[in-house]
Amino acid sequence: MSDRQLKGIGVSPGIGVGAAIVVRWTMPEVPHRVVPRSQVEKEVRRLRAAVRDVKRFLQAMKAKAEDRAGVDEARIFDAQILMLEDKEFLAGVANLIRENLLAAEKAYEFKALEVRDMWAATGSPRLKDRLADLSGVAVRVIEHLMHRGSDELWEAISQPTVVVAKELSPGLTVQLDREHVVGLVSEEGTRTSHAAILAHSIGIPAVFGVAGAIERIEPGTMVVMDGTRGTVLLQPTPHEIAEAQARELRRRELALQLEEVMDQPSVTTDGVRIVLRGNVDLPDEIKPAQDHRAEGVGLLRTEFLITGHTELPTEDEQAEYFRRVAEAFRGHPVVVRTYDLGGDKLPAPFRAPSEVNPQLGWRAIRVCLDRPDIFRTQVRAALRAAQHGDVWLMIPLVTRLDELDRTRALVAEQAAQLAREGIAAATSLPVGVMVETPAAAVMADRLAAEADFLSVGTNDLTQYTLVVDRGNARLADRFTPHDPSVLRLLKIVADAARQAGKPASVCGEMASEPLSAFLLIGLGYVTLSVAPPALPLVKWTVRQVSAARARVAAEQALAARTAADVLDLLRLALAEAVDLKLLDPDGRLPAGRRAASLNV
Ligand code: PEP
Ligand code: MG
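### What to know about the overall build of the protein
For step 1, the next point in the chain: Assigned secondary structure in the protein consists of 26 helices and 16 strands.
For step 2, the next point in the chain: Against the compact-globule benchmark of 25 Å for 600 residues, the protein has a radius of gyration of 28 Å, which places it among compact chains.
For step 3, the next point in the chain: Counting only C-alpha atoms, the protein reaches 90 × 65 × 45 Å along its principal axes.
For step 4, the next point in the chain: Sorting the 600 residues of the protein into buried and exposed places 54% on the buried side.
For step 5, the next point in the chain: Of the contacts formed within the protein by residues at least 6 apart in sequence, a portion of 70% connects residues at least 24 apart.
For step 6, the next point in the chain: Total accessible area on the protein stands at roughly 26,600 Å², and carbon and sulfur atoms take up 52% of it.

### Focus: the coordination of the magnesium ion (ligand 2)
For step 1, the next point in the chain: Protein-derived ligands of the magnesium ion (ligand 2) are Glu-436 (OE) and Asp-460 (OD), with the metal-ligand distances lying across 2.1 to 2.2 Å. Taken as a pair, Glu-436 in the loop between β13 (431–435) and α17 (438–442) and Asp-460 in helix α19 (residues 458–466) lie far apart in primary sequence, 24 residues in all. Here the two residues Glu-436 and Asp-460 agree in accessibility, since each one is buried.

### Focus on the state of the cysteines
Here a disulfide denotes a covalent bond joining the sulfur atom of one cysteine to the sulfur atom of another.
For step 1, the next point in the chain: Scanning all chains against the criterion turns up zero disulfides.
For step 2, the next point in the chain: No disulfide involves Cys-368; its nearest neighbouring cysteine sulfur is the one of Cys-507, lying 16 Å away.
For step 3, the next point in the chain: Judged by its relative accessible area of 1%, Cys-368 falls in the buried class.
For step 4, the next point in the chain: For Cys-507, a relative accessible area of 1% puts it in the buried group.

### Some points on the packing of aromatic side chains
For step 1, the next point in the chain: On inspection of all chains with the given rule, the structure shows four aromatic pairs.
For step 2, the next point in the chain: Each ring, one from Phe-89 and one from Tyr-108, has its centre 5.2 Å from the other, and the planes form 65 degrees; the classification is edge-to-face. On the criterion of sequence distance, the pair formed by Phe-89 in helix α4 (residues 87–100) and Tyr-108 in helix α5 (residues 104–122) is long-range, its members being 19 residues apart.
For step 3, the next point in the chain: Judged by its relative accessible area of 10%, Phe-89 falls in the buried class.
For step 4, the next point in the chain: Residue classification places Tyr-108 among the buried residues on the basis of a relative accessible area of 2%.
For step 5, the next point in the chain: Seen from their ring centres, Trp-392 and Phe-453 are 4.8 Å apart, and the 50 degrees between their planes marks the pair as tilted. Taken together, the residues span a long stretch of sequence, with Trp-392 in strand β12 (residues 390–395) and Phe-453 in strand β14 (residues 453–456) at a distance of 61 residues.
For step 6, the next point in the chain: On the basis of relative accessibility, which here comes to 14%, the residue Trp-392 falls in the buried class.
For step 7, the next point in the chain: According to the relative accessible area criterion, Phe-453 is buried, its value standing at 3%.

### Here we look at the domain arrangement of the protein
For step 1, the next point in the chain: For the protein, the assigned domains read domain 1 (5–25 + 151–236), domain 2 (37–145) and domain 3 (257–598).
For step 2, the next point in the chain: Each of domain 2 and domain 3 has a C-alpha centre, and these two points are 46 Å apart.

### Describing the site of ligand 1
For step 1, the next point in the chain: Residues in contact with ligand 1 amount to 14 residues; listed here are only the nearest, Arg-301, Glu-436, Gly-457, Asn-459 and Arg-470.
For step 2, the next point in the chain: Asp-460 places a main-chain nitrogen or oxygen 3.0 Å from an oxygen atom of ligand 1.
For step 3, the next point in the chain: Here Arg-470 contributes a side-chain N or O atom positioned 2.7 Å from an oxygen atom of ligand 1.
For step 4, the next point in the chain: If ligand 1 stood free it would expose 290 Å²; the protein chains cover 99% of that surface.
For step 5, the next point in the chain: The leading source of residues in the shell around ligand 1 is α19, at three residues.

### Considering the sheet that holds strand β3 (residues 15–23)
For step 1, the next point in the chain: Overall, mixed pairing links the eight strands, which are arranged β1-β8-β7-β3-β4-β5-β6-β2 in an open sheet. Each end of this open sheet is capped by a strand with a single partner; those strands are β1 (5–7) and β2 (9–12). Neighbour-to-neighbour, the strand axes of the sheet open up by a mean angle of 30 degrees, direction not taken into account.
For step 2, the next point in the chain: Bridge count between β2 and strand β6 (residues 206–208): three bridges; the pairing is antiparallel. Bridge pairing in β6 places Ile-9 opposite Phe-208.

### Some remarks on the pattern of salt bridges
For step 1, the next point in the chain: Counting across every chain of the model gives 44 salt bridges.
For step 2, the next point in the chain: Arg-247 serves as the salt-bridge partner of Asp-226, at 2.7 Å between the closest nitrogen and oxygen. Linking Asp-226 in strand β7 (residues 222–226) with Arg-247 in helix α11 (residues 238–261), this pair joins segments that are 21 residues apart in sequence. Residue Asp-226 shares its accessibility class with Arg-247, and that shared class is buried.
For step 3, the next point in the chain: The residue Asp-584 makes a salt bridge to Arg-571 at a minimum N-O spacing of 3.7 Å. Of this pair, Asp-584 sits in the loop between α25 (580–583) and α26 (595–598) while Arg-571 sits in helix α24 (residues 563–575), and the two are 13 residues apart along the sequence.

### Concerning the environment of Arg-376
For step 1, the next point in the chain: With respect to the helices and strands, Arg-376 occurs in helix α15 (residues 372–385).
For step 2, the next point in the chain: Overall, Arg-376 belongs to the partly exposed group, its relative accessible area being 33%.
For step 3, the next point in the chain: The spatial distance from the C-alpha of Arg-376 to the C-alpha of Leu-176 is 54 Å, given a sequence separation of 200 residues.
For step 4, the next point in the chain: Once residues within four sequence positions are removed from consideration, Arg-376 is found in contact with Leu-410, Glu-413 and Gln-414.

### Observations concerning unusual backbone geometry
For step 1, the next point in the chain: Located in the positive-phi region is Arg-293, a residue other than glycine, with phi close to 60 degrees.
For step 2, the next point in the chain: Residue Arg-293 is classed as partly exposed on the basis of its relative accessible area of 38%.
For step 3, the next point in the chain: Residue Val-467 is not a glycine yet carries a positive backbone phi of 55 degrees.
For step 4, the next point in the chain: Its location among the elements puts Val-467 in the loop between α19 and α20 (484–500).
For step 5, the next point in the chain: Take Val-467: its relative accessible area is 70%, and that puts it in the exposed class.

### Quick word on helix α22 (residues 535–542)
For step 1, the next point in the chain: With respect to burial, α22 is a largely interior element, eight of its eight residues being buried.
For step 2, the next point in the chain: Among the residues making up α22, those that are buried are Leu-535, Pro-536, Leu-537, Val-538, Lys-539, Trp-540, Thr-541 and Val-542.

Scoring rules and cut-offs
Residues numbered from 1 in each chain as written. Chains lettered and ligands numbered in written order. Predicted model: local features only at pLDDT ≥ 70, side-chain atom pairs only at ≥ 80, totals over all residues. Heavy atoms only, no water. Helix = DSSP H or I, 4+ residues; strand = E, 2+ residues; numbered from the N terminus. Rg over C-alpha atoms; globule rule 2.2 N^0.38 Å. Buried < 20%, exposed > 50% of the residue type's maximum accessible area, 1.4 Å probe, protein only. Contact = heavy atoms within 4.5 Å. Areas by Shrake-Rupley, 256 points an atom, 1.4 Å probe, with all protein chains shown as cover. Donors = N, O, S within 2.8 Å, 3.2 Å for Na, K, Ca; no water. Disulfide = S-S within 2.5 Å. Phe/Tyr/Trp six-rings, centres within 6.5 Å; stacked < 30°, edge-to-face > 60°. Domains from an automatic or database assignment. Near = heavy atom within 4 Å. Polar contact = N/O pair within 3.5 Å; in protein donor to acceptor, adjacent residues only side chain to side chain. Pairing = 2+ DSSP bridges. Axes fitted to C-alpha atoms, helices over the stretch in contact; angles between N-to-C directions. Salt bridge = Lys/Arg side-chain N within 4 Å of Asp/Glu carboxyl O.

Set out below in structure tokens:
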């Protein structure tokens, strides 16, 4: 099947089955035409008139997008209008007309290609995403100048069709008729391209970034494209079509059920309350976490405050951000994780010497304690925000008790200093430890006795326990938090926290995945901090399982020999309560060795 299957990025979910229509052009062929010097100003006027008309067209597209996709998505067209009216760009085109006596469309094409090459060469993903907008605007202006229209193609579509293109602009996407265009496949583009965002809002399945699509897909070929998996299957058999449709039905059924659990309590069938918080890495994730009813933020990553900036953020900037998050989750804690710099996180304003072994080097709490100037600012900001909400402070990559002592001392010192300065701030705040090294897990009893709370970062805990670089693709199959060694450490931490009467949670990625969430409940965790999009799925799982059954599964997992055995037994246990086919229509749950043959 592999020579019939193309792979890309699923950017808008759902299945589309139809005949391919292949759009081969991006820019129209523009003939080289020069004009007599006496006509030059007329060409410039023609350019201005075209810009005016295309602006009107884009405004109409914006209105259409408002109707079909929503007000926020429609703003995409404001960005295109800004591009269209860019003074510098238009002055460049007018110059080409005046100096080289080029016809307006040729001058426009030259300038558009020049900007396109410049953007493509920067390698910036953001600019690359905007290339489709640029082409969309340029094609429209050039076609207008050439007295050609490009809409006939879309109007001619009258049966289920999958549109295959080199690149799709938002202008084309918003005009597509969902009745007939059942899917989009494009060679260029990513999840954040404007065409992808629009396709998602309008509800047309789409797969972008499919290398060689134009060459590989003959016009008229039947295809099954899957915008969730990011696949395009050519010339499918009737069985393959039926299988894809069944998968889509299961996805829809699950989506309905997930919507239903949204406002239901997060409680297991035997009455154990599981608190589900959100992991927030970027401000954009605050809303999805709220929408999915996160009970606070269990991990507020703060590195974004530095990444992509030229200067370190000020105390005011941080205090304002922490306050904003705290106010968004009133009545629930927001756990501010102090800077986790170094290792794989090396933003520009933080100049660290290069190290042979950065993951074992100067990172996280080590950096903060060595750079009190940076740490102090963050601690003061957290104390100020704690006046307005339930803000907790959490330190990453702890390996020694004195790292907690020194952090507490700094917190106390800065609380007193803020009071002396007459700045409104909390007098103290809970200070917790991220357990993400074997050292911290082994010392969990002492850390639990002294910290206000513990939270397990299973991403790093797995990396350091198994000695597997978390970012090394070659070792990806060895990076498994289900290894019994990691599970034993997780158990030690849960037991230590319970004995000390301190809260413990898990905020590593594994908590976002249903099979693992079930296991963590069995290991004794009643608080999980989860990627916002995964909140409904984890809650749906929680509501169908019993904590008692999870405990039995966890006991078996702790006694297992390998991670694959752990996954097998978890699948079996979970399948008693949950329809795994519904839970996992795309086969993405981690599978053990025997899972396929067990057919669960
Ligand atoms: C972790 O290590 O599990 C964690 C949550 O922290 P990060 O992924 O930011 O290192
Ligand atoms: Mg970590």
